[in-house]
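Read off the chains here:
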Amino acid sequence: MVDHTTEKQIETIAQWIADSTRTVIFTGAGVSTESGVPDFRSPGGLWDRFDPNEFLFDKFLASHKVRENYWKLHTEIYYTLLKAKPNPAHRACVKLDRMGKLDCVITQNIDNLHQNAGLPDKKVIELHGNAMKVTCLDCGEEYDREVIQHRVEGGDSAPACDSCKGILKPATIAFGQAMPVAETAEAERRSRETAVFLTIGSSLAVYPAAYMPVFAKQGGAKLAIINLTETSCDNIADSVVREKAGAVMGAIVQRTEQLYEK
Ligand code: NAD
Ligand code: ZN
C-alpha cells in the first residue's frame, strides 16, 4: 500500500513528532473524504449544482429568497455530515493527543468529525465554523442545529432568532463573511510557535487559512504535507506525502508510539 519512499517519510515525520513537545495539525476537506464527506469542488459536487456567487454573505443578508436557498443547500450538506463517521486520520489525531504530543488541530472543516472522534473541544480551532450549530447574526445567540433544522423542515424556511428576531445562519463562514477573529489569531500564534506542523487533506488554496503552514515555517517548524494532489506549499515543505490520509496518519502515529516508548 505504501511505497518505500513513503515508509521513509513516515519514519522521518514520526521522529519529528516524537522529538518535539508540540505538534500542530492543520486539516482540510481531504481529511474527511474517507468518512464519506465529498470535497465540495469535485465534479458532480455541490458547486457544480449551486453557484457560490449566489450565496455571498451580503446577498444572504439582503434577501429573504437567498436565505431560503441557502438553508436548502445547507440542509443537503447537513444530512451528508450527519451520516459521516470519523476515519483513521481523525482517530490518529486523538491518539497523538492522548500521548501528550498534540498542541491542537486547526481545521477548515465544518463537520465536527475531529470532536466526534474524541478530541476535546479546546483542542480544535475551527477557522470556518461548525455546521452543527446555528448563530444569530444580530445578538450572537447560539442554537443547536438540530432544533433549528427541525423548524426549517417544518416550513420556517429562513428562520429568525427567538430572542431578537435577528437572522439565523448555520455557524459556518460563508463566502464574503469575515473570519472569526479570535480563532484566526490563535491559529496563527500556535502555528508560529510549534516545532512540527502537519497539514492533512488541504489544497491550501483558501486564505487566510492557507497562511498557517507559511507562519509555521517562518517560526522554524518542520513542515509535512499529506495530500493526494499538489498544494500551494509543496515548495516550502520538508516532506510531501502523496497518499491517502487515513493509512498514512495511522502509520505515523503507530511509529510515533513505538519511538516514544523507547
Ligand atoms: P480542498 O477541496 O481545496 O482540498 C482538499 C484536498 O484534499 C485536495 O487537494 C485533495 O487532493 C485532497 N484529498 C482528498 N481526499 C484525500 C485523502 N483521502 N487523503 C489525502 N488527501 C486527500 O479543501 P480545503 O483546503 O479544505 O478547502 C475547502 C473549503 O471547503 C474549506 O474552507 C472547508 O471549510 C470547506 N469544506 C469542508 C468540508 C468538511 O467540513 N468536511 C468538506 C468540503 C469543503
Ligand atoms: Zn438574536
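For the structure, see preceding data.
To start, this report covers the structure provided alongside it. (Residues numbered from 1 in each chain as written. Chains lettered and ligands numbered in written order. Predicted model: local features only at pLDDT ≥ 70, side-chain atom pairs only at ≥ 80, totals over all residues. Heavy atoms only, no water.)

### A few points about the packing of aromatic side chains
Ring pairs (aromatic) are described by centroid distance and by the angle formed between their planes.
Right, so step 1: The final tally for this structure, using the stated rule, is six aromatic pairs.
Right, so step 2: Ring geometry for Tyr-207 against Tyr-211: centres 4.7 Å apart, planes inclined by 55 degrees, an arrangement best described as tilted.
Right, so step 3: What makes Tyr-207 partly exposed here is its relative accessible area of 44%.
Right, so step 4: On the accessibility criterion, Tyr-211 (40% relative accessible area) is partly exposed.
Right, so step 5: Taken together, Phe-55, Phe-60 and Tyr-70 form an aromatic cluster joined through their ring pairs. (Phe/Tyr/Trp six-rings, centres within 6.5 Å; stacked < 30°, edge-to-face > 60°. Buried < 20%, exposed > 50% of the residue type's maximum accessible area, 1.4 Å probe, protein only.)

### Things to note about the pattern of salt bridges
Where side chains of opposite charge bring their charged atoms close, a pairing between them can arise.
Right, so step 1: Within the structure shown, the criterion is met by 14 salt bridges.
Right, so step 2: The residue Asp-162 makes a salt bridge to Arg-151 at a minimum N-O spacing of 3.3 Å. Remark: Arg-151 occurs in helix α7 (residues 145-153) and Asp-162 occurs in the loop between α7 and β6 (168-172); sequence separation between them is 11 residues.
Right, so step 3: Of the charged contacts in the structure, one is a salt bridge between Glu-193 and Arg-189, with a shortest N-O distance of 3.1 Å. Linking Glu-193 with Arg-189, this pair stays in helix α8 (residues 181-193), spanning four residues, or about one helical turn.
Right, so step 4: Assessed through its relative accessible area of 41%, Glu-193 is described here as partly exposed.
Right, so step 5: In this structure Arg-189 comes out as partly exposed when scored by relative accessible area, which is 38%.
Right, so step 6: The network of salt bridges with shared partners includes Arg-22, Asp-103, Glu-186, Arg-189, Arg-190 and Glu-193. (Salt bridge = Lys/Arg side-chain N within 4 Å of Asp/Glu carboxyl O. Helix = DSSP H or I, 4+ residues; strand = E, 2+ residues; numbered from the N terminus.)

### Notes on the pairing of strand β7 (residues 196-200)
Right, so step 1: Burial runs high along β7: five of the five residues are buried.
Right, so step 2: Burial along β7 is two-sided: Val-196, Leu-198 and Ile-200 and Phe-197 and Thr-199, pointing in opposite directions, are all buried.
Right, so step 3: One ladder, built from five bridges, connects strand β1 (residues 23-27) with β7; its direction is parallel. Each bridged residue has a counterpart across the sheet, and for Thr-27 the counterpart in β7 is Ile-200. (Pairing = 2+ DSSP bridges.)

### Thoughts on the sheet that holds β6
Right, so step 1: Read from one edge to the other, the open sheet built from three strands follows the order β5-β4-β6, with strand pairing classed as antiparallel. Each end of this open sheet is capped by a strand with a single partner; those strands are β5 (142-144) and β6. Looking at each pair of strands side by side, their axes are set apart by 45 degrees on average, direction ignored.
Right, so step 2: Sheet analysis places strand β4 (residues 129-136) next to β6, joined by five bridges and oriented antiparallel. From the neighbouring strand, Thr-135 faces β6, where its bridge partner is Lys-169.
Right, so step 3: In the packing of α7 onto the sheet, the strands contacted are β4, β5 and β6, and the crossing angle to β5 comes to about 75 degrees. (Axes fitted to C-alpha atoms, helices over the stretch in contact; angles between N-to-C directions. Contact = heavy atoms within 4.5 Å.)

None of the figures reported here should be taken as evidence of function without further support.
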